[in-house]
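Remarks on the overall topology
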Amino acid sequence: MDSDALDAYIRARLALAGVDIDQLPDVADPETGSPTRAVIMVALREFVATTPGALAEWTPPTGGVGGALGAAYAQQEAAPLAYPSITTAWTGEADR
Amino acid sequence: MGRDLNRRTFLAASAAAGSGGALAASAAPAAAAPARTPTAPAAPAPPAVAVPDLPVREAARHDPTEATLAEAVVLIRTGRLTSADLVQAYLDRIEKYDKTYQAYAEVTGKQALLAAYAADRANRGEDGKGGPLAGVPLCVKDNYFTKGVPTRANSFIFEDFVPVTDATAVARLKASGGILLGKGQMGPLATTRATTPNGMITTVNAWTPDNPLIDPGGSSTGPACAVAGRMASSSIGTQTGGSIVNPANRQNLTGLKPTMGRVSLNGVIPLSYTRDHCGPIARDAMDAAIMLTVMAGPDAEDPRTQGLPRLPHLVRAATPVVSSKGPKGKVRLRRPTRIGVPPGFTDGIARRSALLDTLADLPGVTLVEIRYPTDWSLLTGSAFNAARLSERAEPFRHWLREDLTKFGVSVLGWLQGLMLSGDEWITAQRAKHHLLRAVLDGPFDHCDVLLQTSPVPFDILGLPEIGFPIGFTAGMPTGAILGGAPYEEDRLLEVVAAYQAVTDWHRRRPADPALEPVKRVVRPLLNAVEAAASSA
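Figured I'd write up the structure that's included with this text. (Residues numbered from 1 in each chain as written. Chains lettered and ligands numbered in written order. Predicted model: local features only at pLDDT ≥ 70, side-chain atom pairs only at ≥ 80, totals over all residues.)

**Thoughts on the interface of chain B and chain A**
This is how it is decided: By definition, residues are in contact whenever their C-beta atoms, placed on the basis of the backbone, come within 7 Å of each other. Secondary structure counts use DSSP, requiring at least four H or I residues in a row for a helix and at least two E residues in a row for a strand, with both numbered from the N terminus.
On the chain A side, the residues contacting the 64 residues of chain B number 48 residues. Those elements giving two or more residues to the side of chain B that touches chain A turn out to be helix 1 (13-17), helix 13 (382-386), helix 15 (397-402), helix 16 (411-417), helix 17 (422-441) and helix 21 (528-533) of chain B. Here the element with the most residues in the side of chain B that touches chain A is helix 17 of chain B; it accounts for twelve residues.

This is the structure we're talking about:
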């Protein structure tokens, strides 16, 4: 994606969340520490260009040669867990 | 623990992610609103902790601010020290030195002295029964709710917030005889090393009080500096990305981040729901064990604490064992322990080689070289670490809409959190599960505890870690981090207690700052990009 497309995504996402980036100053404000809108847009562009894609690229490895079992099996692997360590208590793995 | 059992776990994300604990931020802070319940809940019953009758070092007998928490309890219990004298001694040091250290955001001296008088009456049996902590003063990070005491988290958002309840961990410490001496400085909303909300560095490293550029470790900077600078017996911090073990490593302390759920997050201003942990930053393994024993346990206000394995006997785990057979008089591990050494652990850090030599010499220790699982670097790297930022944005949406400038220098991380989609966050939760299995079935099949090269992987997984001193490099404290399997904090303490029994790094204290004239030091400003890059 080019910068214009990234900017459009960022502005749309902020607007959908109800966040008005124009609250940030044109010139950095040492009293509040608030960065400028321009600094924020550059940083968000870099973040959007690198992070969501890296997350979306990953799927759990599946069996078979070279992961040949594929997507139908990957979706069954490693059910999402917000608190993975706690689940070792649920399953008895962490019991003594 | 039966690691061979139940290799597969089941979907938990939706229930767990939506459940309690993150109660602070949805209320309007300036209104001093209660956490979630309309009336202050009764303090939960603290778990029993018996502070052992340790020998007290001569230095601690002469200067109570030198005493470990355990030593202070022994001195008070045996009538050689009063809580009031101990609190006053710390207040004197705060008065003298905190202009330089800037470890405290708020000092509650008057209330602390009143609490100390009450503790002394109770310790004498005149007014109830003294608690196991016997009136020792503590520094509490400023993101824990403290009843009637400002809780600002170093943020404009909470600048007028005075909670009407204590966080569960604070309530338990108080109920056990701990005294709140003040609130510790922290990075804004627990992000970076301690700064003002606009990014000006406040708390220094207690070992370099004249040089604010030296990293004191973040974000529990103030509590760590308060203990290192002998301005509190012990302290509590929070860790989302290393913020207990890093300041412990940087300031020659012992910091224990327990397994997720061990300590209630009720009444802690959230940074990232799934990664915030409460724990002690203490002077040694024994003090960390005592503090965690008091803080830990199920809490009706935080479902993450429910149904977990019992808390091990941490004080026993932190008590070094001396061989009665074999090499008599030699410290040994309480039980045979395989210590995993990951690739690159000693790279460029000479003290880590010395650490391995010392550990290898302890009877009961077996050092094991381990390999990281496939995808370790990817799943613990910057993109997957960034998934936590969605959790940062959600509870602060009200203020994100209302006034972005209230986030001061820290605003970037909150806006980044808005850029991730739900499916990407879920992928990160799936990756956590995959990585946990890979760690438990991989390295932990070959070792009982695992040395770390970064605290972040075990923060992602919610596994316990302990940071402890291993020496000095160019005059500055150097530490190591040891990680454990779920709910095996006792294993960590056993290793560190044995190590601390044969070394004295943890007993070394920084020199006091120069008194007069207080050296004028320019305190640098962090900018927003730097703050985001170094954020927990």
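**Quick look at unusual backbone geometry**
Phi is mostly negative for residues that are not glycine, and the peptide bonds are mostly trans. All names here are of chain B. The omega torsion of the bond from G218 to S219 falls at 0°, within 30 degrees of zero and hence cis. Relative to the helices and strands, S219 is located in the loop between strand 3 (178-184) and helix 7 (221-228). Residue A134 is not a glycine yet carries a positive backbone phi of 60°. Take A134: it is sitting in the loop between helix 5 (109-123) and strand 2 (136-141).

**Structural notes on the nonpolar core**
Stated precisely, the cut-off is as follows: Joining buried Ala, Val, Leu, Ile, Met, Phe, Trp, Tyr and Cys residues through C-beta atoms within 7 Å gives a set, and that set is a nonpolar core. For every residue, the other C-beta atoms within 10 Å of its own C-beta are counted; 20 or more classify it as buried, 12 or fewer as exposed, and values in between as partly exposed. C-beta atoms are placed from the backbone.
By size, the foremost hydrophobic cluster in this structure holds 162 residues, and its most contacted members are B:V73, B:L138, B:I179, B:L181, B:A289, B:M295 and B:V496. Excluding anything up to four places from it in sequence, B:L138 contacts B:L173, B:G178, B:I179, B:L180, B:L181, B:A232, B:S233, B:S234, B:S235 and B:I236. Judged by nonpolar contacts, the second largest core, of five residues, contains A:L81, A:Y83, A:I86 and B:M260.

**With respect to the pairing of strand 5 (residues 254-257) of chain B**
Walk down a regular strand and you will see the side chains alternate between the two sheet faces. Residue and element names in this part refer to chain B. Applicable threshold: Two strands qualify as a pair provided DSSP detects at least 2 bridges between them.
Burial along strand 5 is two-sided: the residues T254 and L256 and G255 and K257 are all buried. In the sheet, strand 5 pairs with strand 6 (residues 277-282) via two bridges, with the strands oriented antiparallel. Along strand 6, the bridge assignment pairs T254 with A282. Note: strand 5 against strand 12 (residues 465-473), three bridges, orientation antiparallel. From the neighbouring strand, G255 faces strand 12, where its bridge partner is G467.

**A look at the sheet that holds strand 9 (residues 337-341) of chain B**
All names here are of chain B. The criterion, for reference: Where helices are involved, their axes are fitted lines through C-alpha atoms of the stretch in contact, as for all axes, and angles between N-to-C directions lie from 0 to 180°.
Strand order in the open sheet made by the eleven strands is 1-3-2-4-6-5-12-13-11-9-10, with mixed pairing throughout. In this open sheet, the two strands that pair with only one neighbour each are strand 1 (104-107) and strand 10 (365-369). Each strand of the sheet is rotated relative to its neighbour by a mean of 30°, with strand direction disregarded. Of the strands in this sheet, strand 1, strand 2, strand 3, strand 4 (234-239) and strand 6 touch helix 7, which is tilted by about 155° from strand 4. Sitting on the sheet, helix 20 (residues 489-502) touches strand 5, strand 9, strand 11 (449-452), strand 12 and strand 13 (476-484), and the angle it makes with strand 13 is about 140°.

**Regarding the pairing of strand 4 of chain B**
Residue and element names in this part refer to chain B. Of all six residues making up strand 4, six are buried, and the element is well covered by its neighbours. Where burial is concerned, the two faces of strand 4 agree: the one with S234, I236 and T238 and the one with S235, G237 and Q239 are both buried. Bridge count for strand 2 against strand 4 is three bridges, and the pairing is parallel. By the bridge assignment, V140 is partnered in strand 4 with I236. As defined by bridge partners, strand 4 adjoins strand 6 across five bridges and the pair is classed as antiparallel.

**Considerations on helix 3 (residues 69-77) of chain B**
Residues spaced three or four apart along an α-helix point in a common direction, a consequence of the helix completing one turn every 3.6 residues. All names here are of chain B. The buried fraction of helix 3 amounts to eight of the nine residues, a majority that puts the element mostly inside the structure. All of the buried residues along helix 3 are L69, A70, E71, A72, V73, V74, L75 and I76. Taken from the residues just after helix 3, G79 is the one with a positive phi, measuring 75°.

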